[in-house]
Amino acid sequence: MLCLVENHSLPRTAAFFDLDKTVIAKSSTLTFSKSFYQGGLINRRAVLRTAYAQFVFLAGGADHDQMERMREYLSALCKGWNVKQVKEIVAETLHDLIDPIIYDEAATLIEEHHTAGRDVVIVSTSGAEVVEPIGELLGADRVVATRMVVGDDGCFTGEVEYYAYGPTKAEAVQALAVSEGYDLSRCYAYSDSATDVPMLEAVGHPHAVNPDRALRREAALREWPILVFDRPVRLKQRLPTFSMPPRPALVAAAAVGAAAVTAGLVWYTSRRRAAATTA
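Here goes a summary of the coordinates provided. Model, not experiment: these values are computed from the prediction.

**A word on the sheet that holds strand β2 (residues 119–127)**
Backbone-to-backbone hydrogen bonds pair the strands of a sheet. The strands run either parallel or antiparallel.
Point 1. The 7 strands are arranged β4-β3-β2-β1-β5-β6-β7 in an open sheet whose pairing can be described as mixed. Every interior strand has two partners, whereas the edge strands, β4 (156–162) and β7 (226–227), have only one.
Point 2. The pairing of strand β1 (residues 14–17) with β2 spans 4 bridges and is parallel. Across the sheet, the residue bridging to F17 is I122, located in β2.

**Here we look at the pattern of salt bridges**
Opposite charge on two side chains allows them to pair when their charged atoms are near.
Point 1. Taken as a whole and assessed by the stated rule, the structure comprises 12 salt bridges.
Point 2. The residue K169 makes a salt bridge to D18 at a minimum N-O spacing of 3.0 Å. You can see K169 sitting in helix α8 (residues 167–180) and its partner D18 sitting in the loop between β1 and α1 (28–31), a full 151 residues away along the chain. Of the two residues, K169 and D18, neither departs from the other in class, the shared state being buried.
Point 3. A salt bridge links R147 to E161, with the shortest nitrogen-to-oxygen separation between them at 4.0 Å. In this pair, R147 is assigned in strand β3 (residues 142–150) and E161 in strand β4, connecting sequence segments 14 residues apart.
Point 4. One network of salt bridges, with partners in common, ties together R12, D119, R142 and E180.

**Regarding helix α7 (residues 128–138)**
The periodicity of an α-helix, 3.6 residues per turn, causes residues three or four positions apart to be oriented the same way.
Point 1. Counting buried positions over the 11 residues of α7 gives 8, a clear majority of the element.
Point 2. For α7, the set of buried residues is A128, E129, V130, V131, I134, G135, L137 and L138.
Point 3. Where α7 is buried, its residues meet α1, α5 (83–97), α6 (104–115), β2, β3 and β4.

**A word on α6**
Point 1. For α6, with 12 residues, the first-to-last C-alpha span of 16 Å sits near the 16 Å given by 1.5 Å per residue.
Point 2. Of all 12 residues that make up α6, 10 are buried, and the element is covered over most of its length.
Point 3. Listed in full, the buried residues belonging to α6 are D104, E105, A106, A107, L109, I110, E111, E112, H113 and H114.
Point 4. Positive backbone phi, at 90°, marks G117, one or two positions downstream of α6.

**Let's talk about empty space enclosed by the protein**
Point 1. Counted according to the given criterion, the structure contains 1 cavity of 30 Å³ or more.
Point 2. By volume, the largest cavity is sized at about 660 Å³.
Point 3. Lining of the largest cavity is provided by 40 residues; of these, T29, L74, T125, S126 and G127 occupy positions nearest its centre.
Point 4. Going through the elements one at a time, α1, α2 (33–38), α3 (44–60), α4 (64–77), β2, α7, β3 and β4 are the ones with two or more residues in the lining of the largest cavity.

**Considering the pairing of β2**
Point 1. Buried residues dominate β2, accounting for 8 of its 9 residues.
Point 2. As paired strands, β2 and β3 are joined by 5 bridges and run parallel to one another. Of the residues in β3, the one forming a bridge with I122 is V143.
Point 3. One crossover worth recording links β2 to the parallel β3 by way of α7, and it is right-handed.

**Here's the deal with the packing of α5 against α7**
Point 1. Orientation of α5 relative to α7, taken along the N-to-C sense of each, is 35°, at an axis distance of 9 Å. Handedness of the crossing formed by α5 with α7: right-handed. Contact with α5, carried on its side by V83, V86, K87, V90, L94 and H95, involves E129, V130, P133, I134 and L137 of α7 and no other residues of that element.
Point 2. Broken down by class, the residue content of the contact of α5 with α7 amounts to 8 nonpolar, 1 polar and 2 charged.

**What about the pairing of β4?**
Point 1. Taken together, the 3 bridges between β3 and β4 define a ladder with antiparallel strand orientation. Bridging from a neighbouring strand, V150 pairs with F156 of β4.
Point 2. Linkage of β3 to β4, two consecutive antiparallel strands, is achieved through a turn of 5 residues, within which G154 is found at a positive phi near 80°.

About the thresholds
Residues numbered from 1 in each chain as written. Predicted model: local features only at pLDDT ≥ 70, side-chain atom pairs only at ≥ 80, totals over all residues. Heavy atoms only, no water. Pairing = 2+ DSSP bridges. Helix = DSSP H or I, 4+ residues; strand = E, 2+ residues; numbered from the N terminus. Salt bridge = Lys/Arg side-chain N within 4 Å of Asp/Glu carboxyl O. Buried < 20%, exposed > 50% of the residue type's maximum accessible area, 1.4 Å probe, protein only. Contact = heavy atoms within 4.5 Å. Expected span 1.5 Å × (residues − 1). 1 Å grid on protein atoms, 1.4 Å probe; cavity = no way out; pocket = protein on both sides within 12 Å on 5 of 7 lines; lining within 4 Å. Points joined across faces, edges and corners; volume = space filled by probe spheres on them. Right-handed = clockwise from strand over helix to strand, strands pointing away. Axes fitted to C-alpha atoms, helices over the stretch in contact; angles between N-to-C directions. Left-handed = near helix turned anticlockwise from the far one by under 90°. Nonpolar A, V, L, I, M, F, W, Y, C, P; charged D, E, K, R; others polar.

Below is the structure:
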């Protein structure tokens, strides 16, 4: 449990979360394959292939070569997709597909980091069209994700504009530290994959979550904490309720609470004085 609240006189801090198999139990991109099929974006063969890729991903994770093959396959697959249609499909099916596979332990950590005054940043190799809505669902403050090139016709060209993977994730974390004023030595990071070692070693508090074999070995050598997340649960079924008010609202609520306490003390003091005078 994270019980320390940030001292706001110090530099800001953040918690950086990988997404797939760290916050959610599956690959975010591959999870939408059936919805993309129903929307006419892919054929049955592609659905079967993505189902197999999901199986491989869940069985043992994906090493560098597998990630590269997946990137090439998905880049070619989405060529010609209308970006607006993709966003609409994700928005329509987000709660049905993603909400049930969010790890309860990850949701709790996100809550605790926010309560402690830290920003929460999702850093994922999956595409922004998928990751950004998931980040919003989770209440993340920022999202770093892969971006595809979009042509003048509003469709993906099949080329990658920005690939959030490996060392690139660490560079994104360092860039955010500069732009947002994060003290990385006091920041946290979570991932399941050895490909994210550069991101993990960029912060002062790295954590391996459901680690693949390579990351488990690395975490043991470096004495990084190893966490096991195994309780996917719908956010609305969690207690306490996950949907926290926006952080400004929390501040406002605290201010109202403080005002109420102050008013109560004033009332109590005045009653004590009046009683003393009467006596």
